[in-house]
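Given next are the chains, with one letter for each unit.
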Amino acid sequence: MTSTSRPDDIDIRPITGAEFADWLRAVNTGFLRASALTDEEVEGRRERFVEGRYLGAFDRGRCVATFRSFDQQLTAVGGASVPADAISGVTVTATHRRRGLLSRMMARDLTAAKERGDVVATLIAAEYPIYGRYGFGPATWMAEWTVDVPRAGLDARWAGPADGGRIDLVEGEDVRKLGPELHERMRRGRPGAIDRHDTWWKVHTGALLWDASWKPPFFAVYRSASGEVQGMAAYEVDDNWGDAKQPLNTATVQWLISVTPAAERALWEYLCSVDWVVKVKSGSRAPDDLLPHFLPDPRAARITSLADWLWVRVLDVERALEARTYEGTGALVLEVAGVDGLTGGRYRLEASPEGASCTPTTESAELELGLGEFGALWLGDESAVRLAALGRVREERAGAARKADALLRTSRRPWCPDMF
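Attention here is on the structure that accompanies the text.

Cut-offs and rules
- Residues numbered from 1 in each chain as written.
- Predicted model: local features only at pLDDT ≥ 70, side-chain atom pairs only at ≥ 80, totals over all residues.
- Heavy atoms only, no water.
- Helix = DSSP H or I, 4+ residues; strand = E, 2+ residues; numbered from the N terminus.
- Rg over C-alpha atoms; globule rule 2.2 N^0.38 Å.
- Buried < 20%, exposed > 50% of the residue type's maximum accessible area, 1.4 Å probe, protein only.
- Contact = heavy atoms within 4.5 Å.
- Areas by Shrake-Rupley, 256 points an atom, 1.4 Å probe, with all protein chains shown as cover.
- Lys, Arg positive; Asp, Glu negative; His and termini not counted.
- Charge placed at Lys NZ, Arg CZ, Asp CG, Glu CD.
- 1 Å grid on protein atoms, 1.4 Å probe; cavity = no way out; pocket = protein on both sides within 12 Å on 5 of 7 lines; lining within 4 Å.
- Points joined across faces, edges and corners; volume = space filled by probe spheres on them.
- Nonpolar A, V, L, I, M, F, W, Y, C, P; charged D, E, K, R; others polar.
- Pairing = 2+ DSSP bridges.
- Core = buried A, V, L, I, M, F, W, Y, C linked by side-chain atoms within 4.5 Å.

Turning our eyes to something else, we now look at the overall build of the protein. Secondary structure assignment for the protein yields 11 helices and 19 strands. Relative to a compact globule of 420 residues, whose C-alpha radius of gyration would be 22 Å, the protein shows 23 Å and is just as compact. By principal-axis analysis of the C-alpha atoms, the protein measures approximately 65 × 60 × 40 Å. Out of the 420 residues in the protein, the part that is buried amounts to 50%. Once local pairs closer than 6 in sequence are excluded, the contacts in the protein between residues at least 24 apart make up 72%. On the protein, roughly 19700 Å² of surface is accessible, and the fraction owed to carbon and sulfur atoms is 49%. For the protein, the distance from the average position of its 53 positive side-chain charges to the average position of its 61 negative side-chain charges is 3 Å.

Have a look at this one:
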């Protein structure tokens, strides 16, 4: 009798509500976190539990792999929302690797997402090499800046926005009232942004406990001269003093959203003006964020992290291409190679600023690419010319990659502000 279970002996199925706590402990084990959970943490996370969307792999009754998905709205280029299958909580215990458990869970989930009518699937990859084989590609990137405040050149006497607006510190209850509408306005204007469920606001303001170590941050709100809420930020500050009683504190931004450049500027200037703060860490921002150029000396902001962020796997090529907008006019025939029989084929895209149509075709392809590369191009961040140079897309007609860039790329880079 062998002590190692064969892959076919491991049962993959949706978990029950009674198994939820054990599933959470398996997630913690997979992410190398302490497996212990308080009853309050378990009940707090149970608010998002949906039967059928939490998968577990069970070996002799023990959960050895986890997978979760949930409904999400993703902003396409131009501001339309498309339904997405958001994937999270993916783990395989180290004792059960290389048995195809993730592939089985992924196939089950993506098939269900396709049947539901989701246009894309999304995830944030802990490890880069894993998800390309399932048709995902990195569609947005993130950058984090660290601002050397004394070097930034800002007015040390700054006492408020010069545009007649104001910054107010508020409580979590105020954020839950003001934040959702502001975030939706921001999301509609930023390709790659995702919706925030009511639970998100509860968790990030302390109304719902997901982590026993959570501490309340400071919350700052920017109001325009007319009183309209146009920006909001959450930040924390450490307590660090030099030997000669010199303040060396760092303000770390947890999240900052705005719907106008004026609001964004005012919030960054406020954060750089807080007494005792000599460094500001920006948190996750778009790689083309305006932050450095709000400073008289942009070199005071240095990038301390730059990485891929939101990965996209397109489930419906036609709906995905028709959902977004295009600044130019043109037509392009794409051959999209599928990986699992759910997506792929040859399509003719006809696009203009007035709209787009995408239909299957038997015409000769101009550009051939994998599903992951297609996901990276769809939100407008990646360059087909760049991918062709890397050998990851193939031109069947000279100039097709440049034509694709003219149609698909955006003037501002897409950005997903959130982790999930």
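Having seen the structure, we can now continue with the description.
Approximately 500 Å³ is the volume attributed to the second largest pocket. Lining the second largest pocket are 33 residues, and of these Met 186, Gly 189, Arg 190, Pro 191 and Arg 412 lie nearest its centre. Mapped onto the lining of the second largest pocket, the elements with two or more residues apiece are helix 4 (172-188), strand 11 (249-258), helix 6 (261-271) and helix 11 (400-408). Within the lining of the second largest pocket, the residues separate by chemical class into 13 nonpolar, 9 polar and 11 charged.

Another aspect to go through is the environment of Gly 165. Mapped onto the secondary structure, Gly 165 falls in the loop between strand 7 (141-148) and strand 8 (166-170). Gly 165 sits 59 residues away from Ser 224 along the chain, and the two C-alpha atoms are 4.2 Å apart. When near neighbours in sequence (up to four residues on either side) are disregarded, Gly 165 contacts Tyr 222, Arg 223, Ser 224 and Ala 225.

In terms of residue burial, strand 10 (residues 229-237) counts as a mostly covered element, since 7 of its 9 residues are buried. Summarising the sheet, strand 9 (residues 218-223) and strand 10 pair through 6 bridges and their orientation is antiparallel. By the bridge assignment, Phe 218 is partnered in strand 10 with Tyr 235. Between the end of strand 9 and the start of strand 10, which pair antiparallel, lie 5 residues, with Gly 227 showing a positive phi angle near 95 degrees. Taken together, the 7 bridges between strand 10 and strand 11 define a ladder with antiparallel strand orientation. Among the inter-strand pairings, Ala 233 is bridged to a residue of strand 11, identified as Leu 256.

Peptide bonds are mostly trans, and most non-glycine residues show a negative phi. The residue Leu 32 is not glycine, and still its phi comes out positive at about 60 degrees. Tracing the backbone shows Leu 32 in the loop between helix 1 (20-30) and helix 2 (39-46). Judged by its relative accessible area of 78%, Leu 32 falls in the exposed class. Despite not being glycine, Lys 245 has its phi angle at roughly 60 degrees, a positive value. Along the chain, the position of Lys 245 falls in the loop between strand 10 and strand 11. Here Lys 245 falls in the exposed class, since its relative accessible area comes to 70%.

So, on to the nonpolar core. Within the largest apolar cluster, 44 residues are counted, with the highest numbers of intra-cluster contacts made by Leu 74, Val 120, Val 312, Leu 321 and Trp 378. Residue contributions to this core peak at 5 residues, all from helix 11. Formed by 27 residues, the second largest nonpolar core is a distinct cluster that contains Ala 152, Ala 233, Ala 263 and Phe 294.

This part covers helix 1. Every buried residue of helix 1 is accounted for by Phe 20, Ala 21, Trp 23, Leu 24, Ala 26, Val 27 and Asn 28. In this structure, the buried side of helix 1 is in contact with helix 2, strand 2 (54-59), strand 3 (62-75) and strand 4 (81-92). Immediately downstream of helix 1, the backbone of Leu 32 shows phi near 60 degrees, a positive value.

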